[in-house]
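# Structural overview for review
Given next are the chains, with one letter for each unit.
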Amino acid sequence: MRGDPSETLGPLRVLVVDDSPADRMMAARVLRRAFPGIHILEVGEEEQWQRALEQPRFDAVLVDFMLPWTTGLDLLHDVQRVWPGIPVLMLTGTAEEWQALQAVQEGLEEYLPKTSESYALLPRSMRFALERTRQRQALKESNETLHLVIEGVYGHAIFLLDAQRRIITWSASAEAITGYSEHEVLGRPYGALLMPEELRGASFSQEMDQAERRGVYSGEGWRLRRDGRRFWADITVSALHKEGGALRGHVVVLRDATERRQHMEEQQRAVDFRERLLGIVSHDLRSPLQAILLQSQLLARQVPDPKVKASTARINQGAERMTRMIGDLLDFTRGRLGGGIPVDRRPGDFFALAAEVTEELQLTSTQNPLILRTVGDGQGEWDRDRLTQVIQNLVTNALKHGAAGTPVQVVLEGEKDAVVMRVRNQGQPIPAEFVPLLFDPFRRAGRPDKPSDPLSGLGLGLYIAQEIVTAHGGTISVQSDAEAGTLFTVWMPRRAPPEEGAVHRESSHREGLEAPSEKEHS
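Okay, so let's go over this structure. (Residues numbered from 1 in each chain as written. Predicted model: local features only at pLDDT ≥ 70, side-chain atom pairs only at ≥ 80, totals over all residues. Heavy atoms only, no water.)

## So, empty space enclosed by the protein
Quick note on the threshold: Here a cavity is any set of points on a 1 Å grid over the protein atoms alone where a 1.4 Å probe fits but cannot get out, and a pocket is any open set with protein on both sides within 12 Å along at least 5 of 7 lines; a residue lines the site when it has an atom within 4 Å of a point. Grid points are joined across faces, edges and corners, and a volume is the space filled by probe spheres set on the points. Every helix listed is a DSSP run of H or I at least four residues long, and every strand listed is a run of E at least two residues long, numbered separately from the N terminus. Gly counts as polar in this scheme, as do all residues outside two lists: the nonpolar Ala, Val, Leu, Ile, Met, Phe, Trp, Tyr, Cys and Pro, and the charged Asp, Glu, Lys and Arg.
A full pass over the atoms with the stated rule returns 1 cavity of 30 Å³ or more. Looking at the largest cavity, the residues that line it are Val16, Val17, Asp18, Asp23, Arg24, Ala27, Leu62, Val63, Asp64 and Leu91. Contributions of two or more residues to the lining of the largest cavity are made by β1 (13-17), α2 (21-34) and β3 (60-63). Looking at which element gives the most residues to the lining of the largest cavity, the answer is α2, with 3 residues. Tallied by class, the residues present in the lining of the largest cavity amount to 6 nonpolar, no polar and 4 charged.

Have a look at this one:
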């Protein structure tokens, strides 16, 4: 609860103007009784009134309506001119109701008839008048502060609309962005002034209707400057409502985002050009590589010299590596430009395919043993070639980065509707800051003790594996620490997921490789 305004402002200074000494004495008596320490100046003649106007500002003025030299309405005007903003109350026994109403319309704080009851209520009326004045002053200061804040906001046009969507305020930043001065826009429709002609219909109505329905609209769109040029704007429209819920108007905030839009478009054009170029180059490189491979193989058969065979073997190995890189580039561009890598599902056994791939990889890797465990059933509908890529990428990655001599474990577990594959290797973990970026294209995690072979790949293997798993409706994740090693977990549904996407089951995140095995290959 607020305290007495007279207490917060210190002793009151009140001017009492009345040609009746008795009425002045009565008013002064009740005010002194109600406000201890109050200073009252009594005025009963015109000369005293003129001298009073030269006094420092009073906190309130109490006037009679009819005076020998003037009227209370004229006194009200004098007070408003000399001490603007202070409350003026009127005590009179002569003014008619219409005269009192006119005075109130012109700024009179309160009108009281000269009765004993009114004198008793005078302190209460004075307190109310002082509090209303304090609130008006606080509101004025708040509005001035808000105005200064709005004017100080750089790069944002902030303005108000009335309920008919006409501009009623205009900031300096709005002028800077649009080129319109305040006198050019006040009272004009917002849509007709700043919206491109083709957007003034449904698009404009949709923005404003959403703001009125939901309270706020946020979006982007084209707006017009004074010279007719367009600019791309971040737009926020907030609806203002009266106490009863009726629409009062809108607050509009516009920010010129043209440079950001141009920058994003340039970046996107660069990305599109790069990816299309990669696709074209990858496709056109396949033909000469195939020719190199065929000629190398033919040369090895026709010339039995050991040196020739060794040279052609190196040529074949390099050409095959280049072929894999080109395949990765084609998959990358297909995934980025075509909305994902396509898969052709056919019935097959995930477990049997994993056994074939790991057996082939074990022949080329002698430093790390491969251990394959399977639990349950591996039947489902998969794209065999694409699934082979996933297994090869994950197991090759584990062999490459695992500590020498430690086994790489591959565990496949058949669940009711899915198969879970876990690939774990021991050794130095993946740096924590790199884990969130591991499946990004062109990322390669090197290790101090095992530098990456610059010809071993482009950093697309894990990205492509993720794309293939996603195309099957599955998920892939990784965990890595010094104690448990690095674990890749793949969850693959046995059948094509519904259109809304596969449901990720909690069981796919179970860690560990301790499940009892039904089959084990090493």
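There is more to say after this.
## Description of the environment of Thr406
As a reminder of what qualifies: By definition in these notes, contact holds between two residues if any of their heavy atoms fall within 4.5 Å.
Along the chain, Thr406 turns up in the loop between α14 (384-401) and β13 (408-414). In this structure the C-alpha to C-alpha distance between Thr406 and Gly427, which are 21 residues apart in sequence, comes to 8.2 Å. Aside from chain neighbours lying at most four places away, what touches Thr406 is Asn368, Pro369 and Gln426.

## A look at the nonpolar core
Short version of the rule: Grouping buried Ala, Val, Leu, Ile, Met, Phe, Trp, Tyr and Cys residues that are joined through side-chain atoms within 4.5 Å yields what is termed a nonpolar core. Residue burial is assigned from relative accessible area. The probe radius is 1.4 Å, only protein chains are included, and a residue is buried under 20% of its type maximum, exposed over 50%, and partly exposed in between.
In this structure, Phe350, Ile391, Leu394, Val410, Leu412, Met421 and Leu438 are the most contacted members of the largest nonpolar core, which totals 39 residues. For this core, the element with the highest residue contribution is α14, accounting for 7 residues. Leu161, Ala174, Leu194 and Phe231 belong to the second-largest nonpolar core, a separate cluster that totals 23 residues.

## Some thoughts on the sheet that holds strand β9 (residues 247-256)
This is how it is decided: Two strands qualify as a pair provided DSSP detects at least 2 bridges between them. With axes taken as lines fitted to C-alpha atoms, and helix axes fitted only over the stretch in contact, angles between N-to-C directions fall between 0 and 180 degrees.
Taken in spatial order, the 4 strands line up as β6-β9-β8-β7 in an open sheet, and their pairing is antiparallel. With one partner strand each, in any of the chains shown, β6 (156-162) and β7 (216-224) form the two edges of the open sheet. Between one strand axis and the next, the sheet turns through 25° on average, direction left out of account. Note that β7 and strand β8 (residues 230-241) share 9 bridges and pair antiparallel. Within β8, the residue paired with Arg223 across the bridge is Phe231. Here helix α10 (residues 202-214) sits on the sheet in contact with β6, β7, β8 and β9, set at roughly 160° to β7.

## Some remarks on the pattern of salt bridges
As a reminder, the rule being used: In the sections that follow, a salt bridge refers to a side-chain nitrogen of Lys or Arg positioned within 4 Å of a carboxyl oxygen of Asp or Glu.
As enumerated under the stated definition, the model contains 26 salt bridges in all. Notably, a salt bridge pairs Arg51 with Glu47, separated by 3.0 Å at the nearest N-O pair. Within this pair, Arg51 and its partner Glu47 are both found in helix α3 (residues 46-52), separated by 4 residues, close to a single helical turn. Take Glu47: its relative accessible area is 55%, and that puts it in the exposed class. Arg166 is the salt-bridge partner of Asp162, the closest N and O atoms lying 2.9 Å from each other.

In short, the description is geometric, and any link to function would need to be established separately.
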